[in-house]
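# Structural overview for review
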Amino acid sequence: QVQLVESGGGLVQPGGSLRLSCAASGSIESIYTMGWYRQAPGKQRELVATISSGGNILSAGSVKGRFTISRDNAKNMVYLQMNTLKPEDTAVYYCYYRGSIPFPYWGQGTQVTVSS
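Everything numeric here is computed off the predicted structure, so don't read it as measured data.

The biggest cluster of nonpolar side chains holds 29 residues, and the ones touching the most others in it are Leu4, Met34, Trp36, Leu80, Met82 and Tyr93. Counting residues per element, the ones that place at least two in this core are strand E1 (2-7), strand E3 (18-26), strand E4 (33-39), strand E5 (46-51), strand E7 (67-72), strand E8 (77-82), strand E9 (91-98) and strand E11 (110-114).

Glancing now at the sheet that holds E3. Strand pairing within a sheet occurs via backbone hydrogen bonds; the two strands may be parallel or antiparallel. Read from one edge of the open sheet, four strands run E1-E3-E8-E7, paired in antiparallel fashion. At either margin of the open sheet sits one strand with a lone partner, and together these are E1 and E7. Averaged over all neighbouring strand pairs, the angle between strand axes comes to 15°, with direction disregarded. In terms of strand pairing, E1 meets E3 through six bridges, oriented antiparallel. In the sheet register, Val2 faces E3, and the bridge partner there is Gly26.

Okay, the state of the cysteines next. Under the counting rule described, the total for this entry stands at one disulfide. Disulfide pairing places Cys22 opposite Cys95 at an S-S distance of 2.0 Å. Classification of the bridge connecting Cys22 and Cys95 rests on its S-S torsion, roughly -90°, and on that basis the disulfide is left-handed. With Cys22 in strand E3 and Cys95 in strand E9, this residue pair connects regions lying 73 residues apart in the sequence.

So, on to the side chain of Glu6. Within the secondary structure layout, Glu6 lies in strand E1. Although Glu6 lies buried, it forms no salt bridge, and the closest oppositely charged side chain, Arg45, sits 7.8 Å away as judged by the N-O distance. At 3.1 Å, the side chain of Glu6 forms a polar contact with the backbone nitrogen of Gln108. Only 2.9 Å separates the side chain of Glu6 from the backbone nitrogen of Gly109, close enough to count as a polar contact. Setting aside its immediate chain neighbours within four residues, Glu6 contacts Ser21, Cys22, Trp36, Tyr93, Tyr94, Cys95, Gly107, Gln108, Gly109 and Thr110.

To continue, consider the pairing of E4. Along E4, five of the seven residues are buried, which leaves the element largely enclosed by surrounding structure. For E4 and E5, the ladder comprises five bridges, and the chain directions are antiparallel. The partner of Gly35 across the bridge, within E5, is Thr50. The turn linking E4 back onto E5 is made up of six residues, and Gly42 within it adopts a positive phi angle of 80°.

Let us look at the packing of aromatic side chains. Applying the stated rule across the entire model yields six aromatic pairs. Measuring from ring centre to ring centre gives 5.7 Å for Phe103 and Tyr105, while their planes differ by 55°; the resulting arrangement is tilted. Accessibility expressed as a relative area gives 44% for Phe103, which makes it partly exposed. A cation over an aromatic ring shows up here: Arg45 above the ring of Trp106, its NZ or CZ 4.6 Å from the ring centre.

Here is what the cut-offs are and how they apply
- Residues numbered from 1 in each chain as written.
- Predicted model: local features only at pLDDT ≥ 70, side-chain atom pairs only at ≥ 80, totals over all residues.
- Heavy atoms only, no water.
- Core = buried A, V, L, I, M, F, W, Y, C linked by side-chain atoms within 4.5 Å.
- Buried < 20%, exposed > 50% of the residue type's maximum accessible area, 1.4 Å probe, protein only.
- Helix = DSSP H or I, 4+ residues; strand = E, 2+ residues; numbered from the N terminus.
- Pairing = 2+ DSSP bridges.
- Axes fitted to C-alpha atoms, helices over the stretch in contact; angles between N-to-C directions.
- Disulfide = S-S within 2.5 Å.
- Lys, Arg positive; Asp, Glu negative; His and termini not counted.
- Salt bridge = Lys/Arg side-chain N within 4 Å of Asp/Glu carboxyl O.
- Polar contact = N/O pair within 3.5 Å; in protein donor to acceptor, adjacent residues only side chain to side chain.
- Contact = heavy atoms within 4.5 Å.
- Phe/Tyr/Trp six-rings, centres within 6.5 Å; stacked < 30°, edge-to-face > 60°.
- Lys NZ or Arg CZ within 6 Å of the ring centre and 35° of its normal.

Put into structure tokens, the structure is as follows:
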């Protein structure tokens, strides 16, 4: 079992910034992918960005140039720096972990609201 705890969500004005953090604990493997998905009201959960143990990054086109994903392998943490936030970025953001087993673990989610 892997437990994921997110932090850093909140309310921010358009054009502002937020930094999300996610800490993984439990049965952490040596090779795994972590990242972020989001789900807006009435929409399906969608990829934001993931990063592998080797540093390979996969990100959505809608966030490229604005969001930066990073990880600290020693601390089993992943971060999402979100800049130039837009109202359409409003969603619940979920931390994601996937190791060798064929299903991912999810965090409980953290709300990000972009509004003036």
